[in-house]
Amino acid sequence: MIGSLTFLLAPVSSSSSSPFLSLHRLSCFHSSPSDILRATTRRLALAATKTRSITSMATEEENTGNVKRELEKVFDLALKATVPNETDVRPLIAACTAKFGDYQCNNAMGLWSKIKGKGTEFKGPQPVGQAIMKNLPPSEMIESCSVAGPGFVNVVLSKNWMAKNIQKMLVDGIETWAPKLRVKKAVVDFSSPNIAKEMHVGHLRSTIIGDSLARMLEFSNVEVLRRNHVGDWGTQFGMLIEYLFEKFPNSEDANETAIGELQEFYRRSKNRFDSDPAFKERAQQAVVRLQSGEPKYHEAWAQICEISRKEFDKVYKRLRVDLEEKGESFYNPYIPGVIDELSKQGLVEDSQGARVIFIEGVNIPLIIVKSDGGFNYASTDLAALWYRLNEEKAEWIIYVTDVGQQLHFDMVFSAAKRAGWLSADDSTYPKASHVGFGLVLGEDGKRLRTRFSEVVRLVDLLDEAKNRSKAVLIERGKDKEWTEEELEQTAEAVGYGAAKYFDLKNNRLTNYTFSFDQMLNDKGNTAVYLLYAHARICSIIRKSGKDIEELKKKTNSSTSAGPCDFAPRLLDHADERALGLHLLHFSEVIEEALTNLLPNVVCEYLYNLSEYFTRFYSNCQVVGSAEETSRLLLCEATATVMRKCFHLLGIVPVYKI
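Everything numeric here is computed off the predicted structure, so don't read it as measured data.

Description of the sheet that holds strand β10 (residues 349–351)
The pairing of strands in a sheet happens through backbone hydrogen bonds and is either parallel or antiparallel. Spatial strand order, β10-β11-β12: 3 strands in an open sheet with antiparallel pairing. One side of each edge strand has no neighbouring strand; the edge strands of this open sheet are β10 and β12 (366–369). Taking each pair of neighbouring strands and ignoring which way they run, the sheet shows an average axis angle of 50°. With 3 bridges joining them, β10 and strand β11 (residues 354–357) adopt antiparallel strand pairing. Within β11, the residue paired with D350 across the bridge is R355.

A few points about the pattern of salt bridges
Inspection of the entire model under this criterion finds 49 salt bridges. Salt-bridge contacts for E311 lead to K314; the nearest nitrogen and oxygen are separated by 3.1 Å. Here K314 and E311 lie together in helix α11 (residues 295–319), a separation of 3 residues that amounts to about one turn. When its relative accessible area of 21% is taken as the criterion, E311 is described as partly exposed.

What about the sheet that holds strand β6 (residues 152–157)?
Taken together, 4 strands build an open sheet; the order of strands is β3-β4-β6-β5 and the sheet is antiparallel. The strands lining the two open edges of the sheet, one partner per strand, are β3 (93–95) and β5 (142–148). The average undirected angle you get between the axes of adjacent strands in this sheet is 25°. Direction of pairing for β3 relative to strand β4 (residues 103–105): antiparallel, over a ladder of 3 bridges. In the strand pairing of β4, I93 is matched with C105. Contacts from helix α4 (residues 125–134) reach β5 and β6, with the element oriented near 170° to β5.

Here's the deal with the confidence of the model for the protein
Mean pLDDT over the protein stands at 86; residues scoring 70 or higher make up 85%. Per-residue pLDDT stays below 50 along residues 11–32; that stretch engages in 39 contacts with residues further than four places along the chain or on separate chains. Ignoring residues within four places in sequence, the model shows residues 38–56, a span with pLDDT below 50, making 38 contacts including any to other chains.

Let's talk about the environment of S539
Among the structural elements, S539 can be located in helix α20 (residues 527–544). Measuring from C-alpha to C-alpha, the distance between S539 and Y655 comes to 7.7 Å, with 116 residues separating the pair along the chain.

Topic: the pairing of strand β8 (residues 223–228)
Most of β8 sits inside the fold, with 5 of its 6 residues counted as buried. In this sheet, β8 lies alongside strand β7 (residues 185–189) in parallel orientation, the contact comprising 5 bridges. Residue pairing for β8: D189 is matched across the bridge by R227. Handedness of the crossover joining β7 and β8 through helix α6 (residues 201–219) is recorded here as right-handed. Relative to strand β9 (residues 323–325), β8 runs parallel, the two sharing 2 bridges. If you follow N228 over to β9, its bridge partner there is E325.

Focus: α4
For α4, every residue scored as buried is listed here: V128, G129, A131 and I132. Summarising the axial view, the buried residues of α4 lie within an arc of 160°, below the 170-degree limit, and thus occupy one face.

Thoughts on empty space enclosed by the protein
On inspection of all chains with the given rule, the structure shows 1 cavity of 30 Å³ or more. Here the largest cavity is characterised by a volume of approximately 110 Å³. Lining the largest cavity are 12 residues, with R320, E492, A493, Y496 and V652 positioned closest to its centre. Where the lining of the largest cavity is concerned, the elements lending two or more residues are α11 and α18 (484–504). Per-element tally for the lining of the largest cavity: the top contributor is α18, with 6 residues. In terms of residue class, the lining of the largest cavity is built from 5 nonpolar, 3 polar and 4 charged.

The rules behind these values
- Residues numbered from 1 in each chain as written.
- Predicted model: local features only at pLDDT ≥ 70, side-chain atom pairs only at ≥ 80, totals over all residues.
- Heavy atoms only, no water.
- Pairing = 2+ DSSP bridges.
- Helix = DSSP H or I, 4+ residues; strand = E, 2+ residues; numbered from the N terminus.
- Axes fitted to C-alpha atoms, helices over the stretch in contact; angles between N-to-C directions.
- Salt bridge = Lys/Arg side-chain N within 4 Å of Asp/Glu carboxyl O.
- Buried < 20%, exposed > 50% of the residue type's maximum accessible area, 1.4 Å probe, protein only.
- Contact = heavy atoms within 4.5 Å.
- pLDDT = per-residue confidence, 0-100.
- Right-handed = clockwise from strand over helix to strand, strands pointing away.
- Arc of directions from axis to C-beta.
- 1 Å grid on protein atoms, 1.4 Å probe; cavity = no way out; pocket = protein on both sides within 12 Å on 5 of 7 lines; lining within 4 Å.
- Points joined across faces, edges and corners; volume = space filled by probe spheres on them.
- Nonpolar A, V, L, I, M, F, W, Y, C, P; charged D, E, K, R; others polar.

What follows is the structure in structure tokens.
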């Protein structure tokens, strides 16, 4: 468990309003969606012919914080000089862990397979690699190169160049290391609970994975529309509204306190629906009246939705997640027009009374109008996708749901490609991606539930994590040293951060077993360990008595006039250099996490960073050494990158032990 660790957050505003929570609502009624649909469908058809390549997520703009991209520029020149007649060759650069270098160019073997038999002067991949190395232009970032095996060109980075880039980040800010992506605007659709149902542990995965991906995109200067596609429309509202009328004939009596727990309210209304034919008939009529816009039924629907939102807000406030709600009801008016447009393109066919789109390679069709004339998830999702592409002008739409919905979204995306909404090639924009995730399991290996076989409420899980963290802090006597506010803030940072990290560190496609004991352990790959590592770095800097901001200013003034007086010492020791190299991997790691939509890549990087720092600090004296200034700045660079990683994972750092 947490043991002897105690934490203190940086000061925060005492304002009761949270800057992290903004859940906006939009009316489900619109003036003329069909007019908007007609006006914009033509635009989309035209835009679909003007897609942009995303073979590489990065742009051509200067991105000196990304070592891999900078090396690609250098090797691109070398490749053009080596094989001038091969115009479609892209540099293949990768970080390497071998003792021969820091990075490696892996083009030689592929080039050899393309040019052999064409009268080339080369006799194999090894000479190709030698030629690539020979044709490298002078570069301040490269200290030395060598060729190994079948033409692998190993690169050792210049120590001075590495030091210069780390110092530049400290002066100009971590934002200078942000990836530069080709996409400008994206939608991230995540969380998406159902109205009148509790948010459960399954929603934790969607909410924090989606929030993390949104944060990474925002860090990369992409405009992100965070969308909460709540289930706020459908036949279930008939039984909920009718049960509400039955229990509270006077609508003024139907408030949050009177209705009580919504999950139980939903369960009772469902039991009535299943057991009472007369109630069932009234509920079915209530759906018709709601969808026709009768004020009484719309007011009841809005009341149920608002009570649910208040419950959702409790979770979002704890997780510090920002979302804008556009639920199923928002897109409902657009469905007829979207289906009409798809029909005009000849994509919609009749099948057993339903209207469907057949998808190549899939045995079952995509049903977009049921045999009874009603709409379904596919109808709504197609309308939402159309709206996001046309009205919101998104280039990349990302859906974060469980892996069980993979086939559904594959079929929706395929239909959109047939319609010309999305590029047929997933390497070009506009594009849509499904981010699937596995289950949260209990220690019995089954889906996590309470001992009464109920799904675990998410708010209860988060509160338990916080309470366990607080109990350890009190056990260590922090309740006597800190104010109640400090105690609460620290318990929240550790508890909620531990819950997030325990989920995010796993590959999202896999199931994982939930355990409070493992989650709150202060050893190994846990948030508690990493928060401790960050707090320790901050403590080292404080104990030095040096003003780190003044040291940064000194760096800035020195580098503006010429080489900094302590730059030659910055990465002299092997463990200093290893730490510095890992810091410089930051930008390409975030780019990799976004390319593959895998937050666990950031977690792995963060944990390895703490390990590199531990080795550095064990073997390199900081305070009182001849290299104190440079090593304090290396400490600050590490803490800066750790804080940004925490931010991208939605975790609040702590600063004092």
